[in-house]
Amino acid sequence: MILLAGGTGTLGRKTVRILSARGRKVRILTRNPERAGDLESDATEIVAGDVRDPASLQQAVSGIEAVISAISGYGPSSGADPRSVDGEGNHNLIRAAEAAGVGHFVLVSMHDAGPHHPMELARMKFAAEQELKRSRMDWTIIRPTAFMETWNEIIGAPLRKAGWAVIFGRGDNPVNFVSADDVANLVALAVDDPNMRRLAIDLGGPENLTLTQLVQVCEAESGRKARHVRIPRPILRLIAALARPLNAAAARLAADALVMDEMDFSFDVTLARRRLPSVPLTTFAEVVRRG
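All of these numbers come straight from a predicted model, not from anything done at the bench.

Novice: Mind showing me how you'd approach the overall build of the chain here?
Specialist: Secondary structure assignment for the chain yields eleven helices and twelve strands. Here the C-alpha coordinates of the chain stretch approximately 55 × 40 × 35 Å along the principal axes. The burial tally for the chain puts 55% of its 291 residues in the buried class. At a minimum sequence separation of 6, the contacts of the chain that also span at least 24 residues come to 74%. As presented, the chain carries roughly 12,900 Å² of accessible surface, and 51% of it is formed by carbon and sulfur atoms.

Take a look at the structure:
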C-alpha cells in the first residue's frame, strides 16, 4: 500500500485517481477526512493525521511500502505556512516513514529549491530534500514549476465570472507553468519505476509565459475580453511589509509576487521531454479549456 500525504490537494487528488486506476492501493493522509469523501473507493483508505503532529503519523505509515509527500503549507487556504508544513511537516513524515521501515519515499519539492532562495517555500522544500537524502530510504525528488491549475484559478476564475483579471507587478517576466496532471503522472511513474530511485527530476510545462500572456490565453479561451487590474510593485512591497503582523499568508504572497516579477522562472523542457517520453506535457490553453 502507498501512503499519500496531501491527498486532498490539487496534485494529491489527481495522483490518487491515477494510482487507483492502475490498481494500486492508496492510503490518504488528511487533516480533514470529510474532504476526502469523493476519493473513497475500494482502492483507497482514508486516515486522519497531521504532518505537524508526529504522533498522528504512526498509524498512517504502518504497513506502507512507499510514501508520497504532496503536502504544502503555501497559500491562505492551507491554514498553515511553509515552515511548519513543508519544512517541519516533511521532517516528521520522513522520520516516521524511516522508523516504520518504509522502502521508498517520493517528495514533491519545487523547481530551483535551494537554501538561499528568496521564497520561504523553496527554502523549506530544499531542507526536506536534504533530510530525505540523509535517510536510509530509497528516494525520488520531483521538482515541478508552478501549477497551471493554481494560476488558472487566480487569473482565469475572476475573468470568467466577473470580467476582470489581476496582474501582479509588471507582468512581463516569463515564468514556466506545468499542469498538475502531468506532475501526477510523473509521481505515479516514480512509484512504480525502480530506475527512478535516488533521482531528483525537474519538470516544467512546454511554455514560458508572462502573467500578461496568461491573461491573454484565458481571454482567448473564454472569448471574453477582461479588464486588467494591475497591482504595482510599490503596492506589493507595502502589502508584504505591513500585512505581516495581521495576515502572514497575504504578506508572503505579495513578497513572492515581487520575486516572480523579477527572478528567472523560465524552464527548458527539452531534457524532460527526452528523459520522460511517457509523461504528457500539457499547455496552459488546454488546462483553461478543460476547466
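Novice: Sorry if this is basic, but what is going on with the sheet that holds strand E9 (residues 175-178) here?
Specialist: Backbone-to-backbone hydrogen bonds pair the strands of a sheet. The strands run either parallel or antiparallel. Here three strands make up an open sheet; going across it, the order is E7-E9-E11 and the pairing mixed. The open sheet has two edge strands with one neighbour each: strand E7 (146-147) and strand E11 (208-209). In this structure, E9 lies alongside E11, joined through two bridges in antiparallel fashion. Each residue of the ladder has a partner; that of Val-175, found in E11, is Leu-209.

Novice: What's the story with the packing of aromatic side chains in this structure? I'm lost.
Specialist: Where two aromatic rings form a pair, the distance of their centres and the angle of their planes describe that pair. Applying the stated criterion across every chain yields a total of two aromatic pairs. With 6.3 Å between their ring centres and 85° between their planes, Trp-151 and Phe-168 make a pair best called edge-to-face. Here Trp-151 is found in helix H5 (residues 148-162), whereas its partner Phe-168 is found in strand E8 (residues 164-168), with 17 residues between them in sequence. In this structure Trp-151 comes out as buried when scored by relative accessible area, which is 11%. Measuring from ring centre to ring centre gives 6.1 Å for Trp-151 and Phe-177, while their planes differ by 65°; the resulting arrangement is edge-to-face. Remark: Phe-177 occurs in strand E9 and Trp-151 occurs in helix H5; sequence separation between them is 26 residues.

Novice: What is the right way to read helix H6 (residues 180-192) from this model?
Specialist: Turn by turn, an α-helix covers 3.6 residues, leaving residues three or four places apart pointing in a common direction. Along its 13 residues, H6 runs 19 Å from first to last C-alpha, staying within 8% of the 18 Å computed at 1.5 Å per residue. Along H6, the positions that sit buried rather than exposed are Ala-180, Asp-182, Val-183, Ala-184, Leu-186, Val-187, Ala-188, Ala-190 and Val-191. With a side-chain oxygen lying 3.1 Å from the backbone nitrogen of Asp-181, the N-terminal cap of H6 falls on Ser-179.

Definitions and cut-offs
- Residues numbered from 1 in each chain as written.
- Predicted model: local features only at pLDDT ≥ 70, side-chain atom pairs only at ≥ 80, totals over all residues.
- Heavy atoms only, no water.
- Helix = DSSP H or I, 4+ residues; strand = E, 2+ residues; numbered from the N terminus.
- Buried < 20%, exposed > 50% of the residue type's maximum accessible area, 1.4 Å probe, protein only.
- Contact = heavy atoms within 4.5 Å.
- Areas by Shrake-Rupley, 256 points an atom, 1.4 Å probe, with all protein chains shown as cover.
- Pairing = 2+ DSSP bridges.
- Phe/Tyr/Trp six-rings, centres within 6.5 Å; stacked < 30°, edge-to-face > 60°.
- Expected span 1.5 Å × (residues − 1).
- Polar contact = N/O pair within 3.5 Å; in protein donor to acceptor, adjacent residues only side chain to side chain.

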